Amino acid sequence: MRNLERYNRRVEKMFAGKLRGCPFCNSSARIKRTHTKYWWVECENCGSQSGSRYGVKRAVELWNQRTNFVLYV
């Protein structure tokens, strides 16, 4: 288990500064992983999450993806 924790910390350092803030509260986020190869990103403040993806790069891309839209009233 220590190897997994060490690997997760190393991955977080690799992607440090590349994660955008939470789209809901603008807080910082962390990269998470289970014992499988599926990753997701989670807000440290409100707990919102990206969907899980196979591979850390895809999870980060999903988290950083924003939809620009215009609301007409």
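Thresholds, definitions, all that
- Residues numbered from 1 in each chain as written.
- Predicted model: local features only at pLDDT ≥ 70, side-chain atom pairs only at ≥ 80, totals over all residues.
- Heavy atoms only, no water.
- Buried < 20%, exposed > 50% of the residue type's maximum accessible area, 1.4 Å probe, protein only.
- Helix = DSSP H or I, 4+ residues; strand = E, 2+ residues; numbered from the N terminus.
- Arc of directions from axis to C-beta.
- Contact = heavy atoms within 4.5 Å.
- Core = buried A, V, L, I, M, F, W, Y, C linked by side-chain atoms within 4.5 Å.
- Salt bridge = Lys/Arg side-chain N within 4 Å of Asp/Glu carboxyl O.

Novice: How should I be thinking about helix H2 (residues 56-64) in this particular structure?
Specialist: Note on helix geometry: an α-helix contains 3.6 residues per turn, so any two residues three or four positions apart are oriented the same way. Considered for burial, the residues of H2 that qualify are Val-56, Ala-59, Val-60, Trp-63 and Asn-64. Axial view of H2: buried residues confined to an arc of 130°, hence all on one face. Set apart from the buried face of H2 by more than 90 degrees, the exposed residues are Lys-57 and Arg-58. Those residues of H2 that are buried are in contact with helix H1 (2-14), strand S1 (29-33), strand S2 (38-43) and strand S3 (53-54).

Novice: Before we go on, may I ask you to explain the nonpolar core in this structure?
Specialist: Generally speaking, a soluble globular protein has its nonpolar side chains buried in company with each other. By size, the foremost hydrophobic cluster in this structure holds twelve residues: Val-11, Phe-15, Cys-22, Ala-29, Ile-31, Trp-39, Val-41, Cys-43, Val-56, Ala-59, Val-60 and Trp-63. At the level of secondary structure, the elements contributing two or more residues to this core comprise S1, S2 and H2. Examining the composition of this core, we find that four residues originate from one element, H2, more than from any other. Setting aside residues up to four positions removed in sequence, Val-11 forms contacts with Ile-31, Trp-39 and Val-56.

Novice: Got a minute to help me understand the environment of Ala-16 in this structure?
Specialist: Along the chain, Ala-16 turns up in the loop between H1 and S1. The class for Ala-16 is exposed, based on a relative accessible area of 54%. Sequence separation of Ala-16 and Arg-30 is 14 residues, and the distance between their C-alpha atoms is 9.2 Å.

Novice: Even after reading the chapter, I still don't get the pattern of salt bridges, so can you show me in this structure?
Specialist: When charged atoms on two side chains of opposite charge get close, those side chains can pair. The full count for this structure, using the stated rule, is two salt bridges. For the salt bridge of Arg-30 with Glu-12, the shortest nitrogen-to-oxygen distance reads 3.0 Å. Taken as a pair, Arg-30 in strand S1 and Glu-12 in helix H1 lie far apart in primary sequence, 18 residues in all. Overall, Arg-30 belongs to the partly exposed group, its relative accessible area being 35%. Take Glu-12: its relative accessible area is 22%, and that puts it in the partly exposed class. Across the pair Arg-30 and Glu-44 runs a salt bridge, and its minimum N-O distance is 3.9 Å. Of this pair, Arg-30 sits in strand S1 while Glu-44 sits in the loop between S2 and S3, and the two are 14 residues apart along the sequence. Salt bridges sharing common partners tie together Glu-12, Arg-30 and Glu-44.

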